[in-house]
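Fold and contact review
One letter stands for each residue in the lines below.
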Amino acid sequence: MIASRLDSRVTLSRPTVRVTESGMRSLIFEPVGDTHAERVRMEGRSATEAGEAFADYSAEWRVRWRRDVKAGWRLHDPESGILYVIDNIIPNRRKGLLLLKCSRVNSPENDG
């Protein structure tokens, strides 16, 4: 494995469906764990949805190889406080790394 400059730590979370006592199903994200990461690229733009303007971010993160990561999982960057959804995963087996293409989750968690 050829190491990269993985100078940050991020938290990965996977989606889980829970059934409440009333029988209602809800989607929650359970933390899987922290991993070493490097932000390769970050892009910001302004977007308007339903007449409301909000900041829209996308980022690419390089992380150590993990077999369990899937598109739809979430990635939290504690340094910036931004929560991302993983859109695409590009493996690099030779280097033992994954490139995660992510977009910002539009939620109250990101409006801090």
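Summary of the structure given here. (Residues numbered from 1 in each chain as written. Predicted model: local features only at pLDDT ≥ 70, side-chain atom pairs only at ≥ 80, totals over all residues. Heavy atoms only, no water.)

**Details of the overall build of the protein chain**
Counted only if it meets this: To qualify as a helix, a DSSP run of H or I must reach at least 4 residues; to qualify as a strand, a run of E must reach at least 2; elements of each kind are numbered from the N terminus. Whether two residues are in contact is decided by their heavy atoms: any pair within 4.5 Å suffices. Accessible surface is estimated by sampling points in the Shrake-Rupley manner with a 1.4 Å probe; for residues, cover comes only from the protein chains shown. Positive charge is attributed to Lys and Arg, negative charge to Asp and Glu, and no charge count is given to His or to the chain ends. For charged residues, the charge sits on one atom: NZ in Lys, CZ in Arg, CG in Asp, CD in Glu.
Helices and strands together make up the secondary structure of the protein chain, namely zero helices and six strands. Listing each helix as α and each strand as β along the protein chain from the N terminus yields β-β-β-β-β-β. When contacts within the protein chain are restricted to residue pairs at least 6 apart in sequence, long-range pairs at least 24 apart make up 51% of them. Accessible surface computed for the protein chain: about 7,200 Å², of which carbon and sulfur atoms make up 48%. Taken together, the 19 basic and 16 acidic charged side chains of the protein chain have centroids lying 10 Å from each other.

**Thoughts on the pairing of strand β2 (residues 25-49)**
Basically, it comes down to this: Between any two strands, at least two bridges found by DSSP are needed for them to pair.
In this sheet, β2 lies alongside strand β1 (residues 8-19) in antiparallel orientation, the contact comprising 12 bridges. Across the sheet, the residue bridging to S13 is P31, located in β2. Hairpin connection, β1 to β2: the antiparallel pair is bridged by five residues, and G23 has positive phi, about 95 degrees. Where β2 lies against strand β3 (residues 52-64), 12 bridges are found, and the strand directions are antiparallel. In the sheet register, G44 faces β3, and the bridge partner there is Y57. Counting the residues that bridge the hairpin from β2 to β3 gives two residues, and of these A50 lies at a positive phi of roughly 50 degrees.

**Details of the nonpolar core**
Across soluble globular proteins, nonpolar side chains show a tendency to be buried alongside one another. Let me state the cut-off plainly: In plain words, nonpolar cores are sets of buried Ala, Val, Leu, Ile, Met, Phe, Trp, Tyr and Cys residues tied together by side-chain atoms within 4.5 Å. For the exposure calls, accessible area comes from a 1.4 Å probe over protein chains only, and a residue counts as buried if that area is under 20% of its type's maximum, exposed if over 50%, partly exposed in between.
Counting residues in each nonpolar core, the largest one holds 15 residues, and the members touching the most others are W61, L75, I86 and L100. Of all the secondary structure elements, the ones that give two or more residues to this core are β1, β3, β5 (82-92) and β6 (97-104).

**Brief notes about the packing of aromatic side chains**
How we decide: What counts as a ring pair is set by centres within 6.5 Å for rings of Phe, Tyr and Trp (its six-membered ring), and what kind of pair is set by the plane angle: stacked under 30 degrees, edge-to-face over 60, tilted for all other angles. Ring-over charges, as used throughout, are those where CZ of Arg or NZ of Lys falls within 6 Å of the ring centre and within 35 degrees of the ring normal.
Here the structure, examined in full by the defined rule, presents one aromatic pair. Between W61 and Y84, the ring centres sit 6.4 Å apart and the planes meet at 65 degrees, which makes this aromatic pair edge-to-face. Taken as a pair, W61 in strand β3 and Y84 in strand β5 lie far apart in primary sequence, 23 residues in all. Like Y84, W61 is buried. The aromatic ring of F29 is capped on one face by R74, whose charged end is 3.9 Å from the ring centroid.

**Looking at the pairing of β5**
In terms of strand pairing, strand β4 (residues 74-77) meets β5 through four bridges, oriented antiparallel. Residue pairing for β5: H76 is matched across the bridge by L83. Taken together, β4 and the strand that follows it, β5, pair antiparallel across an intervening segment of four residues, in which G81 is found at a positive phi of about 80 degrees. The pairing of β5 with β6 spans eight bridges and is classified as antiparallel.

Read these as layout, nothing more, since geometry by itself doesn't imply function.
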